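Observations on the model geometry
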Amino acid sequence: MDDTCFTLHQWNMAVELSRQIQVPEIASRLVSHADRLLEHGKISDAVELFRKANCHKEASNLLFQVGEQAIKKWNDPLKIKKLFVLAALLTEEAKNVTTQNSLTMERVSKFLDAPWRPAEAWHYFILAQQQFQQGKLVAVMATSVKLQDYTDILDEETVFSMLALASALNKCFNVCSKAFTCLESIPSVGPADRESYSLLALDIFTKYPPKDGRSSQIECPHCATDIQDWSNNCPECNNRFSSCVATGRPLMDTSLIWTCRVCKHSAAEHDVLTRNSCPLCHSPI
Ligand SMILES: [Zn+2]
Ligand SMILES: [Zn+2]
């Protein structure tokens, strides 16, 4: 019976039967079949295999793990972001499936509990790069500040280098000096690079005192304190603001907000007017 299920690729039935009659080897055969597909680079076939077996959580877990490996191997941020968007969408799909089979997972990805975080990290990373390239200096400040939320996913040295550059260009030398302090304290930064950062910081801060200037102020909607318009939290009331997925800016005015029906992320309404799809998950608007 079990072999018939395997031959016919009825993984759903096979796993369900194994659960009912408690034959654990069926689950291990499913996992080893998935491993074989992965060895041959057939990621989508392996994911589809778990979905057919009604093991949706395992399918997203697998994709998150592939994503974690991809961060180390691939040099294509857009491809990595798409992989994580797919993993997050699979996790959302799993929530709507009432009768799921479950397998014992050898390794559980840290992203299963916060499925959109890696997609957000790579999304804002790509957005900041585009803003740098397009010379959108004011916009890149908010996005670079936002990137600090993802130093557990993105390369820390890259994040703080981008923040140091964005804040220097915006004459926000207080943020800039903090970014240099972080750069100099990253354990993986070698002594030569640490020395270069230290010399560059000395060069900058003997000319410019570490104070934030230039950028415009905005009133905190909760306590009316004036705060920098790129700040994603209020230092007075500690309120945190979510970020616009279209621009990276903090969403302080919550009256004119658009929210994606699929990923539930928001953007300022006027920033998505001309768009056909969600900037983060690319679902049609
Ligand atoms: Zn406040
Ligand atoms: Zn979306």
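Residues numbered from 1 in each chain as written. Chains lettered and ligands numbered in written order. Predicted model: local features only at pLDDT ≥ 70, side-chain atom pairs only at ≥ 80, totals over all residues. Heavy atoms only, no water.

Some remarks on the overall build of the protein
For the protein, the helix and strand inventory stands at 12 helices and 4 strands. Looking at the protein residue by residue over its 285 residues, the buried ones come to 45%. For the protein, long-range pairs separated by at least 24 residues make up 51% of all intrachain contacts whose partners lie at least 6 apart in sequence. A total accessible area of about 15400 Å² is found for the protein, and carbon and sulfur atoms account for 52% of it. (Helix = DSSP H or I, 4+ residues; strand = E, 2+ residues; numbered from the N terminus. Buried < 20%, exposed > 50% of the residue type's maximum accessible area, 1.4 Å probe, protein only. Contact = heavy atoms within 4.5 Å. Areas by Shrake-Rupley, 256 points an atom, 1.4 Å probe, with all protein chains shown as cover.)

Remarks on the nonpolar core
In terms of nonpolar packing, the biggest core is built from 74 residues, with Trp-116, Trp-122, Leu-147, Leu-154 and Phe-180 touching the most fellow members. With 8 residues, the single largest contributor to this core is helix H7 (residues 117-133). For Trp-122, the contacting residues outside a window of four places in its chain are Ile-71, Pro-77, Ile-80, Lys-81, Phe-84, Ile-153 and Leu-154. Core analysis: the second largest hydrophobic core is formed by 5 residues, Cys-220, Ile-227, Phe-241 and Met-252 among them. (Core = buried A, V, L, I, M, F, W, Y, C linked by side-chain atoms within 4.5 Å.)

Description of the packing of aromatic side chains
Under the definition given, this model contains 7 aromatic pairs. Note on Phe-180 and Phe-205: the rings are 6.0 Å apart at their centroids and 85° apart in plane angle, and the pair reads as edge-to-face. Here the residue Phe-180 occupies a position in helix H10 (residues 173-185), and Phe-205 occupies one in helix H11 (residues 191-207), the gap between them amounting to 25 residues. Assigned by exposure class, Phe-180 and Phe-205 land together as buried. (Phe/Tyr/Trp six-rings, centres within 6.5 Å; stacked < 30°, edge-to-face > 60°.)

Topic: the packing of H7 against helix H8 (residues 137-147)
Look at H7 against H8: their axes get within 9 Å of each other, and the N-to-C directions meet at 150°. Considering the angle they form, H7 stands roughly antiparallel to H8. Relative to H8, the crossing made by H7 is left-handed. In this structure, H7 uses Ala-121, Tyr-124, Phe-125, Leu-127, Ala-128, Gln-131 and Phe-132 to contact H8, whose residues at the interface are Ala-139, Val-140, Thr-143, Ser-144, Lys-146 and Leu-147. For the contact of H7 with H8, the class distribution of residues is 9 nonpolar, 3 polar and 1 charged. (Axes fitted to C-alpha atoms, helices over the stretch in contact; angles between N-to-C directions. Parallel < 35°, antiparallel > 145°, perpendicular 65-115°, else oblique. Left-handed = near helix turned anticlockwise from the far one by under 90°. Nonpolar A, V, L, I, M, F, W, Y, C, P; charged D, E, K, R; others polar.)

Points about the coordination of the zinc ion (ligand 1)
Within the protein, the zinc ion (ligand 1) binds to Cys-220 (SG), Cys-223 (SG), Cys-234 (SG) and Cys-237 (SG); these donor distances fall in the range 2.3 Å. Because the angles between the 4 donor atoms bound to the zinc ion (ligand 1) fall within 105 to 115°, the donor set is best described as tetrahedral. The motif formed by the donor residues of the zinc ion (ligand 1), counted along the single chain, is C-x2-C-x10-C-x2-C. Placement of the pair is Cys-220 in the loop between strand S1 (217-219) and strand S2 (226-228) and Cys-234 in the loop between S2 and strand S3 (257-259), with a sequence separation of 14 residues. Taken individually, Cys-220 and Cys-234 each receive the classification buried, so the pair is uniform in this respect. (Donors = N, O, S within 2.8 Å, 3.2 Å for Na, K, Ca; no water. Tetrahedral: all angles 85-135°; square planar, octahedral: opposite > 155°, others 65-115°.)

Describing the pattern of salt bridges
Considering all chains together, one arrives at 8 salt bridges under this definition. Salt-bridge contacts for Arg-117 lead to Asp-152; the nearest nitrogen and oxygen are separated by 2.8 Å. Placement of Arg-117 in helix H7 and of Asp-152 in the loop between H8 and helix H9 (156-169) is noted, with a sequence separation of 35 residues between them. Looking at Asp-152, the relative accessible area reads 42%, which means it is partly exposed. Two residues, Lys-146 and Asp-149, come together in a salt bridge whose shortest N-O distance is 3.2 Å. According to the relative accessible area criterion, Asp-149 is partly exposed, its value standing at 26%. (Salt bridge = Lys/Arg side-chain N within 4 Å of Asp/Glu carboxyl O.)

Comments concerning the coordination of the zinc ion (ligand 2)
The protein atoms that coordinate the zinc ion (ligand 2) are Cys-260 (SG), Cys-263 (SG), Cys-278 (SG) and Cys-281 (SG), at distances of 2.2 to 2.4 Å. In this structure, the zinc ion (ligand 2) is coordinated by 4 donor atoms arranged in tetrahedral fashion, with angles at the metal of 103 to 116°. For the zinc ion (ligand 2), the single-chain donor residues occur in sequence as C-x2-C-x14-C-x2-C. When its relative accessible area of 0% is taken as the criterion, Cys-278 is described as buried. On the accessibility criterion, Cys-281 (6% relative accessible area) is buried.

Looking at unusual backbone geometry
Not every positive phi belongs to a glycine, and Ala-224 is a case in point at roughly 65°. With respect to the element layout, Ala-224 can be found in the loop between S1 and S2. By relative accessible area, Ala-224 is classed as partly exposed at 44%. Of note, the phi angle at His-282 is positive, near 65°, even though the residue is not glycine. Its location among the elements puts His-282 in the segment after helix H12 (269-272). Residue class for His-282 comes out partly exposed when judged on its relative accessible area of 42%.

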